[in-house]
Amino acid sequence: GKGLAVFTSGGDSQGMNAAVRAVVRMAIYLGCKVFFIKEGYQGMVDGGDNIEEANWSSVSSIIHKGGTVIGSARCMDFKERVGRLKAACNLVKRGITNLVVIGGDGSLTGANLFRQEWSSLLDELLQTSQINKAEREKYKQLNIVGMVGSIDNDFCGTDMTIGTDSALHRIMDAIDAIVSTAYSHQRTFIMEVMGRHCGYLALVTALTSEADYVFIPEMPPPRDWPTKLCTKLEQERTAGQRLNIIIVSEGAIDRDGQPITAEMVKQVVVDNLKQDTRITVLGHVQRGGAPSAFDRVLGCRMGAEAVMALMEATPETEACVVSLDGNQAVRLPLMECVEKTKAVAKAMADKEWELAVQLRGRS
Ligand code: ADP
């Protein structure tokens, strides 16, 4: 059978285990020899016990777990050709020519580069007698399929990244808990939520939690936001509301591109309204805990589709990323999605927010 390996790289997210499980079982079902690569690219570079053959039962009882049971890591070695050469050697020695990478855009970019270099890496391994001619010929083609695991929903091409829905649930639960105590004491709570440069988590949880104000990077507030914010909060209190909730995305910025932090917002509220104001930074709670039903099913579907894509790959096929389009699992050219994701980041850095939102599309 074909050699296939799965690994998780970059930041972890809920639902990655469901994806790993689906990859392993689908691949075994289709007759592949399947491997886990532990600790992301680091495990691929280091080889040894990090690359372990998987069987049907090695992915039992992981679907309900958060994070990734096969470990994830950032890896400097893989950014250098020497590191990728070691990785290539480790794969060839085990007969692995199909890779499923579950990670963010960095991990996917690395995978694509690896695939482009594959031929020249094998040539070098042959020249230095680390592999033989037969191996050079047998493993000449490396197929790659990516899946995006990220709680931020910051990747172009997919409606939802694996982990986003669980993070939304976690944030919503936390806000619900805060609201009950805020109500009792007539407090104002400022919640900082994750998302890096993407305001999706903040925006959606603001809607689902009746927040009074939300700060997201894609839509910096008007310059007089302190006045607007205070007017809004006062209105709510005058109308009889006993508490206020403000959501600040960790990447929130003003119209000059300068950060708007929870601390700054608190200062504005305290100085102007003298409200009893508290900050809650949710932090890694958002990435933890059990994946939601949506993320488990998403991981399962994406994983199965990824294996099918690998099995159907020809030398002409581009590396692809498996995405969710509406309710469909689809395959999109990996680099096109990565480029688009980078274009969003550039548009935001250039303060072209409308363009950024437009480029990001439905997600
Ligand atoms: P994410 O995948 O979540 O975006 P990173 O950007 O940190 O996270 O990437 C994860 C890992 O992928 C890096 O530690 C590195 O090993 C690998 N990687 C990222 N970008 C590249 C690149 N341009 N070339 C080679 N490897 C890369």
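The structure we're discussing is the one just above.
Note that the structure is a prediction, hence the values are computed from the model and not measured.

**Student:** Would you mind going over the overall build of the protein chain with me for this structure?
**Tutor:** Across its full length, the protein chain carries twelve helices and eleven strands. For 363 residues, the compact-globule estimate of 2.2 N^0.38 gives 21 Å, and the protein chain sits close to it at 23 Å. Overall, the C-alpha framework of the protein chain stretches about 80 × 40 × 35 Å when taken along its three principal axes. Counting every position in the protein chain, which comprises 363 residues, the buried fraction comes to 53%. Within the protein chain, counting contacts between residues at least 6 apart in sequence, those at least 24 apart form 75% of the total. Total accessible area on the protein chain stands at roughly 15,900 Å², and carbon and sulfur atoms take up 52% of it. Treating the 40 positive side-chain charges of the protein chain as one cloud and the 44 negative ones as another, the clouds have centres 4 Å apart.

**Student:** Would you mind showing me how to read the side chain of Thr158 here?
**Tutor:** Within the element layout of this structure, Thr158 appears in the loop between strand S5 (143-148) and helix H6 (164-185). Side-chain polar atoms of Thr158 contact the backbone oxygen of Met160, separated by 3.2 Å. Looking at Thr158, its side chain comes within polar contact range of the main-chain nitrogen of Leu324, at 2.9 Å.

**Student:** I'm lost on the pairing of strand S11 (residues 328-333) in this one. Help?
**Tutor:** Looking along a regular strand, one sees the side chains alternate between the two faces of the sheet. One ladder, built from six bridges, connects strand S10 (residues 320-325) with S11; its direction is antiparallel. Bridge pairing in S11 links Val322 to Arg331. The antiparallel pairing of S10 with S11 creates a hairpin that spans two residues between the two strands, and Gly326 there sits at a positive phi of about 65°.

**Student:** Got a minute to help me understand the site of the ligand in this structure?
**Tutor:** The environment of the ligand is made up of 15 residues, and the closest members are Arg74, Cys75, Gly104, Gly106 and Ser107. At 2.6 Å from an oxygen atom of the ligand is found a main-chain nitrogen or oxygen belonging to Cys75. The backbone of Gly104 places a nitrogen or oxygen atom 3.0 Å from an oxygen atom of the ligand. For the ligand, whose unbound accessible area comes to 550 Å², protein coverage reaches 82%. Here the shell around the ligand gets six residues from one element, more than from any other, and that element is helix H4 (residues 105-127).

**Student:** Is there a simple way to think about the packing of aromatic side chains in this case?
**Tutor:** Aromatic ring pairs: the centre-centre distance and the angle between the two ring planes describe each pair. On inspection of all chains with the given rule, the structure shows six aromatic pairs. With a centroid separation of 3.9 Å and 15° between ring planes, the pair formed by Tyr41 and Phe78 is classed as stacked. Remark: Phe78 occurs in the loop between strand S3 (51-53) and helix H3 (81-93) and Tyr41 occurs in helix H2 (residues 40-46); sequence separation between them is 37 residues. The class of Tyr41 is buried, set by a relative accessible area of 6%.

**Student:** Is there a simple way to explain unusual backbone geometry in this structure?
**Tutor:** Positive phi outside glycine occurs at Ser61, with the angle close to 55°. With respect to the helices and strands, Ser61 occurs in the loop between S3 and H3. According to the relative accessible area criterion, Ser61 is exposed, its value standing at 52%. Here the phi dihedral of Arg196 falls at roughly 50°; this positive angle occurs in a residue that is not glycine. With respect to the helices and strands, the residue Arg196 is situated in the loop between strand S6 (188-193) and helix H7 (200-208).

Basis of the calculations
Residues numbered from 1 in each chain as written. Predicted model: local features only at pLDDT ≥ 70, side-chain atom pairs only at ≥ 80, totals over all residues. Heavy atoms only, no water. Helix = DSSP H or I, 4+ residues; strand = E, 2+ residues; numbered from the N terminus. Rg over C-alpha atoms; globule rule 2.2 N^0.38 Å. Buried < 20%, exposed > 50% of the residue type's maximum accessible area, 1.4 Å probe, protein only. Contact = heavy atoms within 4.5 Å. Areas by Shrake-Rupley, 256 points an atom, 1.4 Å probe, with all protein chains shown as cover. Lys, Arg positive; Asp, Glu negative; His and termini not counted. Charge placed at Lys NZ, Arg CZ, Asp CG, Glu CD. Polar contact = N/O pair within 3.5 Å; in protein donor to acceptor, adjacent residues only side chain to side chain. Pairing = 2+ DSSP bridges. Near = heavy atom within 4 Å. Phe/Tyr/Trp six-rings, centres within 6.5 Å; stacked < 30°, edge-to-face > 60°.

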